[in-house]
Amino acid sequence: MHLLLALVLLATATRPVGGQVVTIDYEPAITALALEGRITSSTFVLEQPRCVFNDTVSDTDEIWLVVSLSSAISSFTRPTSLQSLPPFQQFPETPNYMTMGTSSLNYPCEKSSGQITVLRVGNETGCVLDNSRPDCNGPLPGPGPYRVKFLAMSAATGPKAETKWSAPIMLKTGKDPAPIDTWPRRRSAGMIVITSILSILLAILLACFIAALVYGCSDISESAEIMGKQDPVTVKRYNTHHIYDQPAFKN
């Protein structure tokens, strides 16, 4: 009896009451899977929040990802409804937005064998300027740092539960080509010597090839000339000897 009462009290404590938003002890993180492009110059890959909101939301609630500049997490205000989401198109002037809203049913506890359960933030390009898509999962505009959290929303009552903010996430930056040394005179003496030797050998091989080609063409020409100067074939004519009839011997 005491165990049953404790379970009821625990379930009640984890449910939002009177509009109260429950904070869940979960921190979003970059996936630990060895995936290509886990962090790029405009995207990063998170683990899905599977089995995180099961005790606090219903099947009709939606789970949203909040993306914010790391320095602006304290200024984030939870939207009161799904119609008042902070839009991607105003980011980063407005330092946070919400994206990738989906049913809580899409984050079950069970995981199929071989299934990759991740979320790529910044993966859409076709809706960047589309104001009708405030939830656009557009490319991130700079290296950051950024921080994210998951927020459970009810279509009827608004926010219900949220996770903790992630650790700061820095994106990759391209290398400035200006300081790259491409001037030959700054190369080492050994590299210059090797390059010179290889160039000379290549020139010698090319000269030998051309000489062999010229010699081969000349030999073919001389052979053709000799064949053309041969004496014509003489056919010796023979006169046939005619045998005349001898008169009959007379006695």
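For the structure itself, consult the block above.
In short, a report on the structure.

The rules behind each value
Residues numbered from 1 in each chain as written. Predicted model: local features only at pLDDT ≥ 70, side-chain atom pairs only at ≥ 80, totals over all residues. Heavy atoms only, no water. Salt bridge = Lys/Arg side-chain N within 4 Å of Asp/Glu carboxyl O. Helix = DSSP H or I, 4+ residues; strand = E, 2+ residues; numbered from the N terminus. Buried < 20%, exposed > 50% of the residue type's maximum accessible area, 1.4 Å probe, protein only. Core = buried A, V, L, I, M, F, W, Y, C linked by side-chain atoms within 4.5 Å. Contact = heavy atoms within 4.5 Å.

With that settled, consider the pattern of salt bridges. Evaluation of the coordinates by the stated rule reveals six salt bridges. Here arginine 78 and glutamate 162 are joined by a salt bridge, their closest N and O atoms 2.9 Å apart. Here arginine 78, found in the loop between strand E3 (62-69) and strand E4 (96-103), pairs with glutamate 162, found in strand E7 (residues 158-163); they are 84 residues apart in sequence, far enough to count as distant. Taking relative accessible area as the criterion, glutamate 162 reaches 6% and is therefore assigned buried. When the shortest N-O distance is used, the salt bridge between glutamate 124 and arginine 133 registers 3.2 Å. Relative accessible area serves as the criterion here: at 27%, arginine 133 is assigned to the partly exposed category.

In summary, soluble globular proteins display a tendency toward joint burial of nonpolar side chains. Counting 26 residues, the largest nonpolar core has Phe44, Leu46, Phe53, Val121 and Leu140 as its most contacted members. Broken down by secondary-structure element, the contributors of at least two residues to this core are strand E1 (22-24), strand E2 (44-47), E3, strand E5 (118-121) and strand E6 (146-154). Of the residues forming this core, the biggest block, four residues, is contributed by E6. In contact with leucine 46, other than residues within four places in its own chain, are Ala29, Ile30, Thr31, Leu65, Thr117, Val118, Leu119, Val121, Val148, Phe150 and Ile169. With nine residues, the next largest nonpolar core counts Trp64, Met98, Leu151 and Met153 among its residues.

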